[in-house]
Amino acid sequence: MTDTTTDAVPEAAEVWLRRAEEVAARLAPGAARRDREGTPPVREIRLLKETGLVTLLGPVEYGGAGQNWSTAFRVVRTVAAADASVGELLAHHYVWVSIAEFIGTDEKIQHIGEVSARARWFFSGSSKPRSAPLVIQDTGHEMLFHGRLERALGHPVSDITILEGFLEDGDTPISALAMSDHVGLSFEPGAEEFGLRSLAAGTVVADGANIPWTGALGHVDKTFVPRVYNTFLTPAFQLAQANALIGAARGALDAAARHAREQWSDSPLTEAAASDAARHFGALASALWAVEAFADAVGAEADALHARRRTVTEQERGRHAVRVAALAAQAGAAADAVTAGALGAAGPGGAEAAAGLDRYWRDTRARRVHEDDPGRARVVGRHLLHGEVPRPTWYA
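The text that follows walks through the structure, step by step, so that each part is easy to find. (Residues numbered from 1 in each chain as written. Predicted model: local features only at pLDDT ≥ 70, side-chain atom pairs only at ≥ 80, totals over all residues. Heavy atoms only, no water.)

**A look at the overall build of the chain**
Within the chain one finds eleven helices and nine strands. Looking at the chain as a whole, 51% of its 396 residues qualify as buried. Sequence separation of 24 or more characterises 77% of the internal contacts of the chain that already satisfy a separation of 6 or more. Here the chain has roughly 17600 Å² of accessible surface; of this, 53% comes from carbon and sulfur atoms. Of the side chains in the chain, 40 bear a positive and 50 a negative charge, and the two mean positions are spaced by 3 Å. (Helix = DSSP H or I, 4+ residues; strand = E, 2+ residues; numbered from the N terminus. Buried < 20%, exposed > 50% of the residue type's maximum accessible area, 1.4 Å probe, protein only. Contact = heavy atoms within 4.5 Å. Areas by Shrake-Rupley, 256 points an atom, 1.4 Å probe, with all protein chains shown as cover. Lys, Arg positive; Asp, Glu negative; His and termini not counted. Charge placed at Lys NZ, Arg CZ, Asp CG, Glu CD.)

**Comments concerning the pattern of salt bridges**
Evaluated as defined, the whole model comprises 24 salt bridges. Here Arg118 makes a salt bridge to Glu114, at a shortest N to O gap of 3.1 Å. Residue Arg118 and its partner Glu114 are located together in helix α6 (residues 106-119), separated by four residues, close to a single helical turn. Residue classification places Arg118 among the exposed positions, given a relative accessible area of 53%. A relative accessible area of 22% places Glu114 in the partly exposed class. Between Arg323 and Glu301 there is a salt bridge, with the nearest N and O atoms lying 2.5 Å from each other. In this pair, Arg323 is assigned in helix α9 (residues 314-345) and Glu301 in helix α8 (residues 271-307), connecting sequence segments 22 residues apart. In this structure Glu301 comes out as partly exposed when scored by relative accessible area, which is 28%. (Salt bridge = Lys/Arg side-chain N within 4 Å of Asp/Glu carboxyl O.)

**Let's talk about the environment of Phe122**
Within the fold, Phe122 resides in the loop between α6 and β1 (123-126). Since its relative accessible area comes to 0%, Phe122 is described here as buried. Along the backbone, Phe122 and Ser180 are 58 residues apart, and their C-alpha atoms lie at a distance of 9.9 Å. If we ignore the near neighbours within four places in the chain, the residues touching Phe122 are Ile45, Leu48, Lys49, Val54, Leu89, His93, Val157, Ser158, Asp159 and Ile160.

**Some points on the nonpolar core**
Counting 90 residues, the largest nonpolar core has Leu48, Val75, Tyr94, Phe102 and Leu327 as its most contacted members. No other element matches the 17 residues that helix α7 (residues 233-266) contributes to this core. Counting 17 residues, the second-largest nonpolar core is a separate cluster that includes Ala152, Leu163, Ile211 and Trp213. (Core = buried A, V, L, I, M, F, W, Y, C linked by side-chain atoms within 4.5 Å.)

**Notes on the pairing of strand β4 (residues 160-167)**
Counted residue by residue, β4 has six buried out of eight residues, so it is predominantly covered. As judged from the two bridges shared by β1 and β4, these two strands associate in the parallel manner. Within β4, the residue paired with Phe123 across the bridge is Ile160. With three bridges connecting them, strand β2 (residues 134-138) and β4 associate as parallel partners. Among the inter-strand pairings, Ile136 is bridged to a residue of β4, identified as Leu167. Linking β4 to strand β5 (residues 174-179), which pair antiparallel, is a turn of six residues. (Pairing = 2+ DSSP bridges.)

**Some points on helix α10 (residues 358-371)**
The α-helix advances 3.6 residues per turn, and as a result positions three or four apart in sequence lie on the same side. In this model, α10 (14 residues) spans 20 Å end to end at C-alpha, consistent with the 20 Å of a helix rising 1.5 Å per residue. Buried-residue contacts for α10 involve α1 (13-37), α3 (69-82), α4 (84-96), α7, α9 and α11 (375-386). (Expected span 1.5 Å × (residues − 1).)

**Let's talk about the side chain of Ser180**
In this fold, Ser180 is placed in the loop between β5 and β6 (185-189). Here Ser180 falls in the buried class, since its relative accessible area comes to 9%. Within the local environment of Ser180, its side chain forms a polar contact with the side chain of Thr161, the two groups lying 2.9 Å apart. Not counting residues within four places of it along the chain, the set of residues in contact with Ser180 comprises Ser124, His155, Ser158, Asp159, Ile160, Thr161 and Leu185. (Polar contact = N/O pair within 3.5 Å; in protein donor to acceptor, adjacent residues only side chain to side chain.)

**Side note on the packing of aromatic side chains**
The geometry of an aromatic ring pair comes down to the distance between the two centres and the angle between the two planes. Tallying each qualifying case throughout the model produces six aromatic pairs. Ring geometry for Trp96 and Phe237: centres 5.1 Å apart, planes at 85 degrees, overall edge-to-face. Placement of the pair is Trp96 in helix α4 and Phe237 in helix α7, with a sequence separation of 141 residues. Over the aromatic face of Trp16 sits the side chain of Arg19, whose NZ or CZ is 4.2 Å from the ring centroid. The ring of Tyr360 is capped by Arg359, whose NZ or CZ atom sits 4.4 Å from the centre of that ring. (Phe/Tyr/Trp six-rings, centres within 6.5 Å; stacked < 30°, edge-to-face > 60°. Lys NZ or Arg CZ within 6 Å of the ring centre and 35° of its normal.)

**Structural notes on the pairing of strand β7 (residues 201-212)**
Bridge count for strand β3 (residues 142-153) against β7 is ten bridges, and the pairing is antiparallel. Residue His146 lies in a different strand from β7, and its bridge partner there is Asp207. Two strands pair when backbone bridges link them, and β6 and β7 are joined in this way by five bridges, in the antiparallel orientation. Paired with Pro189 across the bridge in β7 is Gly202.

**Remarks on empty space enclosed by the protein**
Enumeration according to the criterion identifies three cavities of 30 Å³ or more in this entry. Together, ten residues line the largest cavity, and Leu245, Ala328, Arg367, Glu371 and Arg376 are the ones closest to its centre. For the lining of the largest cavity, the elements supplying multiple residues, two or more each, are α7 and α10. Ranked by the residues each element gives to the lining of the largest cavity, the list is headed by α7, at four residues. When grouped by side-chain class, the residues that make up the lining of the largest cavity number three nonpolar, two polar and five charged. (1 Å grid on protein atoms, 1.4 Å probe; cavity = no way out; pocket = protein on both sides within 12 Å on 5 of 7 lines; lining within 4 Å. Points joined across faces, edges and corners; volume = space filled by probe spheres on them. Nonpolar A, V, L, I, M, F, W, Y, C, P; charged D, E, K, R; others polar.)

Have a look at this one:
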C-alpha cells in the first residue's frame, strides 16, 4: 500500500485562529469558577487535545497542524484572554514540545515530532529550569535524575515532563523527556497563590528517575553537539510568555467593556461621564493595539529565523533576542496598565466581585512576580547605544 502521508499540507493559519477562538469561547464561561476553586485544569487540557491545539506546531504527516510560531503565539493570546492559566500552560507547552527542534539531533527531532503529534501529548516543565537544576548520576547506559524541579507548571495534567540537570562533574545542561508518571517522579503542589490559580504549579521531585543516555537531547555518545539554533529556546520562551500576558490584557479590556455597556444600558451616563469613559477605554485600547502589533511583528521575524535554523548566525540570534527583550518589557508594562486600568474604566461596579474583573489583574501580577526582569530594557539600550547583542547561551 502506498503511503500518502507525505502529501499532507498544513491548513491555513486562519483555520487554527478560528478554532482557538472557539476554544476560548468554551473556556470563558467557567474561568471565574476555576479561578475560585484553583483546581488542576484537567477538562481544559483535554479540550486542547481534542481540538488539536496541542499539536499546532507538529508535523502534518503525523497529525499535527504544521503551523508557524507566529500562529502559535496568536493562539496563546486568544486562549489566555479567556483563561490566563490555560493560556500560560499552552505557551509553555509549545516551547517544551519543540525542545527537540531546538537542541535535539535530527533523529530525535523526527522521533519526538512523530510520537508527540500522534499521541497528542501535553508537555510540562519548569518555568525556571536553571533556578534549581537536577543532579544527574551516570550509571553507564542510563542517567539517574535526583533533586527538585522548582516552579513546574502543569505536571498533574501533563503526559510528558521535561527534566533538566547537570552531571555531578559536568557544566553542560542535559535535557530529557520523561513520562509524567515515570517511576521516580512525584509532585508536590505549590502554595496557593492569588492569581493564575489553575496552573497546577508545584515541584517535581526526582528520586533516581532513570532515563537512558539515548534520551539526552542533543547528545551523541554522551557528548553534546552544539549549534546556534540551541540558543533560540529562551527567545521562544520569552515570546510565548509575552503573548500570554498580552492575551490576559485583552481579556481584561474586553470584559471591562462588556461590563460597562451592560451597566450603562440600565443607568445611562451623563454626557461628561460618557466622554471621560470613552477617553479611558480609548487609551487602554491604543496601548494594547500597539503591543499586539509589535508582538505580531516580532513573531513574524521569529518565523523567518526558525525557517532557516540550519544557517542562522549568532549575530542574527542576538538581534532577535534584543527585539524579544523589548517586546517582553512592553508586554509586561502594557498588561499591568491595561488590567489595572480596566478596573477603573468599568466604573464603580467593576470593583465588585461579581464583575470578575479583578481576576485579570491578579493573574497578571502573579505572572509578573515570577517573571518580571528589569534587565530587558538595559539589553535594548546597550544595543542602541553600543551595538551590543546578548551573548548567546541556552537559557539567557
